[in-house]
Amino acid sequence: MRTKANIELDASRRTFATGLLVDLITALKRSRTGDLIAITSDEPTIAPDIEAWCRFTGNTLIETNVDPGRVRWIIRCGAAKMNLDVERPVGSRLWLYSNFDCNLSCDYCCVRSSPSASRRELGLARVQRIACETPALGVSEIFVTGGEPFLLADIGEVLTACAASAPTTVLTNGMLFTGRQLAALLSLPRDRVTIQISLDSPTSQRHDARRGQGTWARAWAGVERARAEGFRVRLAATVSTDAEAKDFRDFLDSERIAEEDRVIRHIALRGFASQGVALARPDLVPEVTITAEGVYWHPVGAEDADFLVRREIFPLADSFAAVRRAFDYEREHSRRLATIFNCA
Ligand code: SF4
């Protein structure tokens, strides 16, 4: 899906030296923080100039789409509205995308999951190897997500392997706790596995509008079932506005949900989303994310080329080292350019 920008600049063959810089400055003057500017060009060689200009001016290059003979860059004005004050060492959290298919097709899904998405399964053998290698790497939490993990026949084994290595949270829409999937749930150690269930609003209206008719009621039934079976349940909402976030917080208060069992985040402009918070690597402290296709910077962009760190997963220590190197590079690059900016 093509990301919608607030301003579209058709640069044709213009470069920074032949008018594009003036166009960009004019576009910036017309923009507010968070707005998106798209530049489409027949001149792919301006890519390094665009990247340097973004870093130098404190704006963020969030997307590059290459078509035959044309390139489209998306720049976000200003910084992302994210919670960056959380102290979390790189590598302490490990995310595993167990699969990419899902029983739902939410309209904002950041990895384009749906019933027709191909499975792209990480697979039990790889998960077991990952679980063996993580204790030496300082991982304190493992998160298993998808797609919908409970679509997998061996999800019980996958989660048990993870839980043997570190406390594990599985992210689910909570709608599949019957039959074989319920048996898988019941097989899990309660003291090592947390169930994180998506619930976007206090009532069905908003949740069902984005995720499908009847999904709120089934998710809530999943919450109650998991609680009744003795699991710690965390509720996670994806919202569009601060007002929706407050609405959900009030609901969590009324349900007496503990702070550590609440997750509220804004929709990210990734995957199926046509509106949301535009995010790039420099906005996010990396959280090592492994999919069947490789190692990614953060779970919010786990199928996007700009978040791919490397294709090889093993040895896992090398993947962690690659993510840390990439983070060091980002920080060093920002510092160097900030120094140049300050002296200019
Ligand atoms: S947001 Fe979650 S439940 Fe919805 S389609 Fe994506 S993976 Fe499935």
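One can find the structure itself at the top, above this paragraph.
All of these numbers come straight from a predicted model, not from anything done at the bench.

This part covers the packing of helix 6 (residues 204-211) against helix 7 (residues 215-228). Taken N-terminus to C-terminus, the directions of helix 6 and helix 7 make an angle of 105°; their axes are 8 Å apart at the nearest point. Between helix 6 and helix 7, the crossing angle belongs to the class labelled roughly perpendicular. Residue-level inspection shows Ser204, His207, Asp208 and Arg211 of helix 6 in contact with helix 7, the latter providing Thr215, Trp216 and Ala219. Its residues placed into classes, the contact of helix 6 with helix 7 shows two nonpolar, three polar and two charged.

Here we come to the sheet that holds strand 5 (residues 93-97). Taken together, the nine strands give an open sheet; going across it, the order is 10-9-8-7-6-5-11-12-13, and neighbouring strands pair in mixed fashion. Strands at the two margins of the open sheet, each flanked by one partner only, are strand 10 (262-266) and strand 13 (308-310). Ignoring strand direction, the axes of neighbouring strands in this sheet form an average angle of 25°. Alignment of strand 5 against strand 6 (residues 141-145), held across five bridges, turns out to be parallel. For Leu94, the partnering residue across the bridge sits in strand 6 and is Ile142. Across the face of the sheet, helix 8 (residues 242-254) comes into contact with strand 9 (232-239) and strand 10 while running at roughly 170° to strand 10.

A few words on the nonpolar core. Counting residues in hydrophobic clusters, the biggest one holds 70 residues, and the most contacted among them are Leu96, Ile195 and Ile290. A total of six residues in this core trace back to one element, the largest contributor, which is helix 4 (residues 155-165). Those residues in contact with Ile195 that lie beyond four places of it in its chain are Val170, Thr172, Phe177, Leu185, Ala226, Phe231, Arg232, Val233 and Arg234.

Calculation notes
Residues numbered from 1 in each chain as written. Predicted model: local features only at pLDDT ≥ 70, side-chain atom pairs only at ≥ 80, totals over all residues. Heavy atoms only, no water. Axes fitted to C-alpha atoms, helices over the stretch in contact; angles between N-to-C directions. Helix = DSSP H or I, 4+ residues; strand = E, 2+ residues; numbered from the N terminus. Parallel < 35°, antiparallel > 145°, perpendicular 65-115°, else oblique. Contact = heavy atoms within 4.5 Å. Nonpolar A, V, L, I, M, F, W, Y, C, P; charged D, E, K, R; others polar. Pairing = 2+ DSSP bridges. Core = buried A, V, L, I, M, F, W, Y, C linked by side-chain atoms within 4.5 Å. Buried < 20%, exposed > 50% of the residue type's maximum accessible area, 1.4 Å probe, protein only.

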